[in-house]
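Summary of the model geometry
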Number of protein chains: 2
Amino acid sequence: MEAILDAATTCLARDPDASINDIAKAAGVGRVTLYGHFESRAVLVAAVVARAMAEAEASLRGVDLTGDPAAALVRLIDASWQTTLRYGALVVAAEKSMPVADMAAAHDEPRERVRGLLEHGRAEGRFRTDLPVSWLVTTLHTVTHAAATSVYDGELAPDEAARAIAATMLGLLTPPGEVVPDVDILRGVG
Amino acid sequence: MEAILDAATTCLARDPDASINDIAKAAGVGRVTLYGHFESRAVLVAAVVARAMAEAEASLRGVDLTGDPAAALVRLIDASWQTTLRYGALVVAAEKSMPVADMAAAHDEPRERVRGLLEHGRAEGRFRTDLPVSWLVTTLHTVTHAAATSVYDGELAPDEAARAIAATMLGLLTPPGEVVPDVDILRGVG
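Residues numbered from 1 in each chain as written. Chains lettered and ligands numbered in written order. Predicted model: local features only at pLDDT ≥ 70, side-chain atom pairs only at ≥ 80, totals over all residues. Heavy atoms only, no water.

As recorded by an unreviewed UniProt entry, chain A carries the name Transcriptional regulator, TetR family and is attributed to Nocardioides simplex.

**Topic: the UniProt feature "DNA-binding region" (unreviewed entry) in chain A**
Following the UniProt record, one finds the feature "DNA-binding region" (unreviewed entry) at residues 19-38 of chain A. In residues 19-38 of chain A, the share of helix is 75% and the share of strand is 0%. The end C-alpha atoms are 13 Å apart. (UniProt positions renumbered as here; feature names shortened; annotations may be inferred. Helix = DSSP H or I, 4+ residues; strand = E, 2+ residues; numbered from the N terminus.)

**Looking at the pattern of salt bridges**
This structure, assessed with the given rule, holds 20 salt bridges over all chains. A salt bridge links R113 of chain A to E57 of chain A; the shortest N-O distance between them is 2.8 Å. Here R113 of chain A is found in helix α8 (residues 108-123), whereas its partner E57 of chain A is found in helix α4 (residues 41-60), with 56 residues between them in sequence. For the pair R113 of chain A and E57 of chain A, a shared accessibility class is recorded, and that class is buried. One salt bridge in this structure joins D68 of chain B and R126 of chain B, with 2.9 Å as the shortest N-O distance. Taken as a pair, D68 of chain B in the loop between α4 (41-60) and α5 (69-87) and R126 of chain B in the loop between α8 (108-123) and α9 (133-152) lie far apart in primary sequence, 58 residues in all. For D68 of chain B, a relative accessible area of 28% gives the class partly exposed. For R126 of chain B, a relative accessible area of 32% corresponds to the partly exposed category. Ionic contacts of the salt-bridge type, sharing partners, join the residues R128 and D130 of chain A together with R163 and D184 of chain B into one network. (Salt bridge = Lys/Arg side-chain N within 4 Å of Asp/Glu carboxyl O. Buried < 20%, exposed > 50% of the residue type's maximum accessible area, 1.4 Å probe, protein only.)

**Some remarks on the side chain of R128 of chain A**
On the secondary structure map, R128 of chain A appears in the loop between α8 and α9 (133-152). Residue contacts for R128 of chain A: discarding those within four places in its chain leaves R122, L136, L172, L173, T174, P175 and P176 of chain A together with A167, T168 and G171 of chain B. (Contact = heavy atoms within 4.5 Å.)

**Describing the interface of chain A and chain B**
Taken together, the 33 residues of chain A in the interface contact 33 residues of chain B. Roughly 2,500 Å² is buried in total at the junction of chain A and chain B, and carbon and sulfur atoms are behind 66% of that figure. Contact with chain B buries surface across chain A, with W135, T168 and V180 of chain A losing the most and accounting together for 22% of the total. Scanning the region where chain A abuts chain B turns up two salt bridges. Here D130 of chain B ties to R163 of chain A by a salt bridge, and the two come within 3.0 Å at their closest N and O atoms. Counting the contacts that link chain A with chain B gives ten residue pairs in polar contact (both at pLDDT 80 or more). Sorting the residues of the side of chain A that touches chain B by element identifies α9 and α10 (158-173) of chain A as the ones contributing at least two each. Split by residue class, the side of chain A that touches chain B holds 16 nonpolar, nine polar and eight charged. (Buried area = accessible area lost by both parts, 1.4 Å probe. Polar contact = N/O pair within 3.5 Å; in protein donor to acceptor, adjacent residues only side chain to side chain. Nonpolar A, V, L, I, M, F, W, Y, C, P; charged D, E, K, R; others polar.)

**Notes on the environment of V63 of chain A**
All names here are of chain A. By the secondary structure assignment, V63 is in the loop between α4 and α5 (69-87). Residue classification places V63 among the buried positions, given a relative accessible area of 16%. Counting along the chain gives 14 residues from V63 to V49, while the straight-line C-alpha distance between them is 21 Å.

Written as structure tokens, this is what we have:
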């Protein structure tokens, strides 16, 4: 069971269209054995994603969210992107295979962390308050997945993506009438 | 065939989970007849979306894209949202049923219109140039679909959505170091 999940993670992170046959072969089991544990490819992808999310969750807990909320958000985005890179095309496989509702459920815990940070930034006047906080959380989720898809499609370079997500979010979160911060300064590379 | 598409549009715009049975009943045909025209629910949804996109495309061609690019973008977003409202939950049905690649292909023509407007705004210094224009186009597509899903999920009111999309995009597009414009002033309601 763990061996199948390991093999599926490796295969799907390399090729989001990896088939059940590819995965069974990589795990060194037959199709029948694999289907004994996971009734369909979608169920297997869901299990792989659930495990990847749990590991990502553990690493994101270590991010320092104190200090300037904008700088903290950039740190959180950088760490999240490292996780996304580690799982490679897995996000794309998940988006192609999993129903939207299941994808959303898999993101509940990261959403709560982001929501807290955004509310802190709103209270400090750093982030906009003219849009619902739930909408701002949704935009980060959405922009991050769009970046993963753009990298997979070759429209965005992998090493540009974290900066693109952070730059996009800093603009998006700036209150109307305020100046958009420079992401490169906040990341310490400007 | 047209009657089936009309019925499917009505059913799916009301309930993105409308079944083949619901649609056949609304069209006044049997399942066998329906499957004679459309081999699966996914194929039918794709045909409904293709027709809706063609109609939307026709109405978006009328939007005035001259003058201040930021104000033009707000007009384009308002018009696009009216189209989205008309087709209601159809976007949600499409997202649940259509592969990501097909959804992207269905948006090629609107993407080109948006790309032209964003490039115009970049040339005038109104929109940021530190991110690829293809990425900025992707964010509008992504943010619009996220808004449609949020409205369907009850997290965003339908009459707030156009403003939320426009406000989000104006912040996101503002060059670092520049002031985020007030969407309500650009929409003439501030």
